[in-house]
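One-letter residues, chain by chain:
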Amino acid sequence: MFERFTKDAREVVVRSQEEARELGHDHIGTEHVLLAMLGQGTGEAAESLAAFGLGVDDMRQRVAAGAREQQDPLDPEALASLGIDLEEVRRATEATFGPGALDGAGATRRGRVRGHIPFTRSAKKSLELALRESLRLKHTEIRAGHLLLGMIREGTSPGPLLLMDAGVALPELRDEVLRRMTEAA
């Protein structure tokens, strides 16, 4: 399947791994693929996302905050009952030791994960759906736009959920991507 990927689609895959590493995550999920698309700045996927007012910095903050909420072993409410403000502790710690200093054990001192980072099941599914979107559109290659269409079609993983949380209607985004892909053809 990867032999069908265009340069921009391959760049998204490579950048998604970089995004996961930078955030100190031990997996590559649709949220990282989304960040990679936003980070491209040009092309059908990035331009479609930008048309909805989405930016990579804001979305990266949303991903980091969501990961912290899901995996934070520190209980803010329990600490507050002891008079400890977890967010204040986190701010002070990150000011001294850098972003992500209190995050997961898989991270290095700089918040980067070493070694191979696997794709999540939902990220793999969205890549498979990108292939199906390409075939459905009778395209011979898989572009970044197809990757976004596959993610939208998958619909239940962190990437699409982040888009919806940011106020994006997925059917409207899908229409925008298809419009741009048609114009590019």
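Per chain, residues are indexed from 1 in the order of the written sequence. Selection of residues for local features in this predicted model requires a pLDDT of at least 70, selection of side-chain atom pairs for listing and counting requires 80 or more, and totals for whole chains, interfaces and linings are taken over all residues. Values reported for side chains reflect all heavy atoms of the structure, with hydrogen atoms and water molecules removed beforehand.

### Considering the overall build of the protein chain
Only DSSP runs of H or I covering at least 4 residues are called helices, and only runs of E covering at least 2 are called strands; the numbering of each starts at the N terminus. Secondary structure summary: the protein chain contains 10 helices and zero strands in total. Moving toward the C terminus, one meets the helices and strands of the protein chain in the order α-α-α-α-α-α-α-α-α-α. Working definition: with a 1.4 Å probe on protein chains only, accessible area under 20% of the residue-type maximum means buried, over 50% means exposed, and in between means partly exposed. Among the 185 residues that make up the protein chain, the fraction classed as buried is 42%. Sequence-distant contacts in the protein chain: of pairs separated by 6 or more residues, those separated by 24 or more amount to 66%. For this analysis, residues touch if any pair of their heavy atoms sits within 4.5 Å.

### Looking at helix 7 (residues 121-136)
Between its terminal C-alpha atoms helix 7 stretches 22 Å, which fits the 22 Å expected from 16 residues at 1.5 Å a residue. Residues of helix 7 that are buried in the fold lie against helix 2 (30-40), helix 8 (144-154) and helix 10 (170-184). Just beyond helix 7, the residue with positive phi is K138, at close to 60°. For a helix, the expected span equals 1.5 Å multiplied by the number of residues minus one.

### Looking at the nonpolar core
The nonpolar side chains of a soluble globular protein tend to be buried, and buried together. Within the largest apolar cluster, 34 residues are counted, with the highest numbers of intra-cluster contacts made by L34, M37, L49, L147, L148, L163 and L173. Going through the elements one at a time, helix 1 (7-23), helix 2, helix 3 (44-51), helix 4 (56-71), helix 7, helix 8, helix 9 (158-165) and helix 10 are the ones with two or more residues in this core. Not counting residues up to four positions away in its chain, the partners in contact with M37 are V12, A45, A46, L49, A144, L147, L148 and M151. Buried residues of nine kinds, namely Ala, Val, Leu, Ile, Met, Phe, Trp, Tyr and Cys, make up a nonpolar core once their side-chain atoms join them within 4.5 Å.

### Details of the side chain of E19
With respect to the helices and strands, E19 occurs in helix 1. Its relative accessible area of 9% is what places E19 among the buried residues. Contacts of E19, omitting those with residues within four sequence positions, involve H32, L35, A36 and R60.

### Regarding the pattern of salt bridges
Counted as salt bridges are all cases of a side-chain nitrogen of Lys or Arg within 4 Å of a carboxyl oxygen of Asp or Glu. Overall, the coordinates contain 16 salt bridges when judged by the stated rule. Of the charged contacts in the structure, one is a salt bridge between E133 and R153, with a shortest N-O distance of 3.3 Å. Of the two residues, E133 is situated in helix 7 and R153 in helix 8; the sequence distance between them amounts to 20 residues. One continuous salt-bridge network, built from bridges that share partners, spans E47, E176, R179, R180 and E183.

### As for a nonpolar patch on the surface
Like-charged residues within 9 Å of one another, or nonpolar side chains (Val, Leu, Ile, Met, Phe, Trp, Tyr) within 5 Å, are grouped into patches, provided each residue has over 30% relative accessible area and no salt bridge. For the area figures, the Shrake-Rupley method with a 1.4 Å probe applies, and any residue is considered shielded solely by the protein chains shown. Side chains of L82, I84 and V89 sit close together on the surface and give an oily, nonpolar patch of about 260 Å² of accessible area. Position of V89 among the secondary structure elements: in helix 6 (residues 86-97). Judged by relative accessible area, which is 36%, V89 ranks as partly exposed.

### Points about unusual backbone geometry
Phi is positive for K138, close to 60°, though the residue is something other than glycine. Within the element layout of this structure, K138 appears in the loop between helix 7 and helix 8. Under the relative-accessibility criterion, K138 is labelled exposed at 73%.

### Concerning the confidence of the model for the protein chain
Confidence scores per residue from the predictor, reported as pLDDT, run from 0 to 100. For the protein chain, mean pLDDT is 84; residues scoring 70 or higher make up 85% of the total. Segment residues 105-110 is flagged for pLDDT under 50; beyond a separation of four residues in sequence, or across chains, it makes six contacts in the model.

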